[in-house]
Amino acid sequence: MKISKILIGIDDSKFAEYAASYGFDIAHTFNAHVGLVHIVEPAITPETSSDSILGMPMGSPDFNEMNLLDIQKENAENIIDRTVKKYANGLQVTHFNEYGATADGILNCCKEFKADLIVIGTHSRSGIDRLLMGSVAETVVRNSHVPVLVVPLVEE
């Protein structure tokens, strides 16, 4: 088995940070090219300026959707830059900033990058949280055509 390209899914969480450290350790072992992917899920902004429960007017936010996208893009670039500086240590790194559903974005980047392995963290949700929010890790594992390493962060 030859691992030459590893795709690592990251966000701004301690779970993703731990998974990134794992993924980069593997990449250093195999001298693999790393693909870092950060997915920005669309934010929902209210279209009306009134509270639907009370019917009272609400103050309009000081941002529009374009400003919100710019803020999210800048945050994504900061996360990627911080991760590269912390873990890359001479490895070749390609980064992807994608917009949309997280699991779909990871799977699409995997195909585009032609990854041999996907490394992602898990938020260890269970029960009602998992039912309502879904599980990105589970969706990626079920639909990936390459091996997926799901790295749990065990908190003590």
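Up top is the structure these notes are about.
Residues numbered from 1 in each chain as written. Predicted model: local features only at pLDDT ≥ 70, side-chain atom pairs only at ≥ 80, totals over all residues. Heavy atoms only, no water.

Overview of the nonpolar core
Core analysis: the largest hydrophobic core is formed by 20 residues, its most contacted members being Ile6, Ile8, Ile10, Phe24, Val34, Leu36 and Val119. Elements with a minimum of two residues in this core: strand S1 (5-9), helix H1 (14-30), strand S2 (33-40), helix H2 (65-87) and strand S4 (117-122). Among the elements that line this core, the one with the most residues is H1, at 5 residues. Residues contacting valine 119, with those up to four places away along its chain left out, are Ile6, Leu7, Ile8, Gly9, Ala19, Gly23, Leu149 and Val151. (Core = buried A, V, L, I, M, F, W, Y, C linked by side-chain atoms within 4.5 Å. Buried < 20%, exposed > 50% of the residue type's maximum accessible area, 1.4 Å probe, protein only. Helix = DSSP H or I, 4+ residues; strand = E, 2+ residues; numbered from the N terminus. Contact = heavy atoms within 4.5 Å.)

Digging into the environment of arginine 82
Mapped onto the elements, arginine 82 comes out in helix H2. Here aspartate 12 takes part through its side chain, which lies 2.8 Å from a polar atom of the side chain of arginine 82. (Polar contact = N/O pair within 3.5 Å; in protein donor to acceptor, adjacent residues only side chain to side chain.)

Here's the deal with unusual backbone geometry
One non-glycine residue, asparagine 31, lies in positive phi territory at about 50 degrees. Counting through the fold element by element, asparagine 31 comes out in the loop between H1 and S2. For lysine 114, which is not glycine, the phi dihedral falls at a positive 60 degrees. By the element assignment, lysine 114 lies in the loop between helix H3 (102-113) and S4.

Some remarks on the packing of H3 against helix H5 (residues 136-143)
Across the interface, H3 lies against H5 with an axial gap of 9 Å and an inter-helix angle of 40 degrees. Regarding the angle of H3 to H5, the classification is oblique. Crossing hand, H3 versus H5: right-handed. In this structure, H3 uses Thr102, Ala103, Ile106 and Leu107 to contact H5, whose residues at the interface are Val136, Thr139, Val140 and Asn143. Taken together, the residues of the contact of H3 with H5 sort by class into 5 nonpolar, 3 polar and no charged. (Axes fitted to C-alpha atoms, helices over the stretch in contact; angles between N-to-C directions. Parallel < 35°, antiparallel > 145°, perpendicular 65-115°, else oblique. Left-handed = near helix turned anticlockwise from the far one by under 90°. Nonpolar A, V, L, I, M, F, W, Y, C, P; charged D, E, K, R; others polar.)

Topic: the environment of leucine 68
By the secondary structure assignment, leucine 68 is in helix H2. Under the relative-accessibility criterion, leucine 68 is labelled buried at 18%.

Describing the packing of aromatic side chains
Applying the stated criterion to the full structure yields 3 aromatic pairs. Look at phenylalanine 24 and tyrosine 87: their rings are 5.8 Å apart centre to centre, the planes differ by 20 degrees, and that puts the pair in the stacked class. You can see phenylalanine 24 sitting in helix H1 and its partner tyrosine 87 sitting in helix H2, a full 63 residues away along the chain. The buried category is assigned to phenylalanine 24, whose relative accessible area is 1%. Tyrosine 87 gets classed as buried once you look at its relative accessible area, which sits at 15%. Geometry around phenylalanine 113 places lysine 5 over its ring, the cationic atom sitting 5.0 Å from the centre. (Phe/Tyr/Trp six-rings, centres within 6.5 Å; stacked < 30°, edge-to-face > 60°. Lys NZ or Arg CZ within 6 Å of the ring centre and 35° of its normal.)

Observations regarding the side chain of histidine 33
For histidine 33, the location among the structural elements is in strand S2. With sequence-adjacent residues up to four places away left out, histidine 33 is seen in contact with Ser4, Lys5, Ile6, Gln92, Val93, Thr94 and Phe113.

Any functional reading would require information that these geometric values do not contain.
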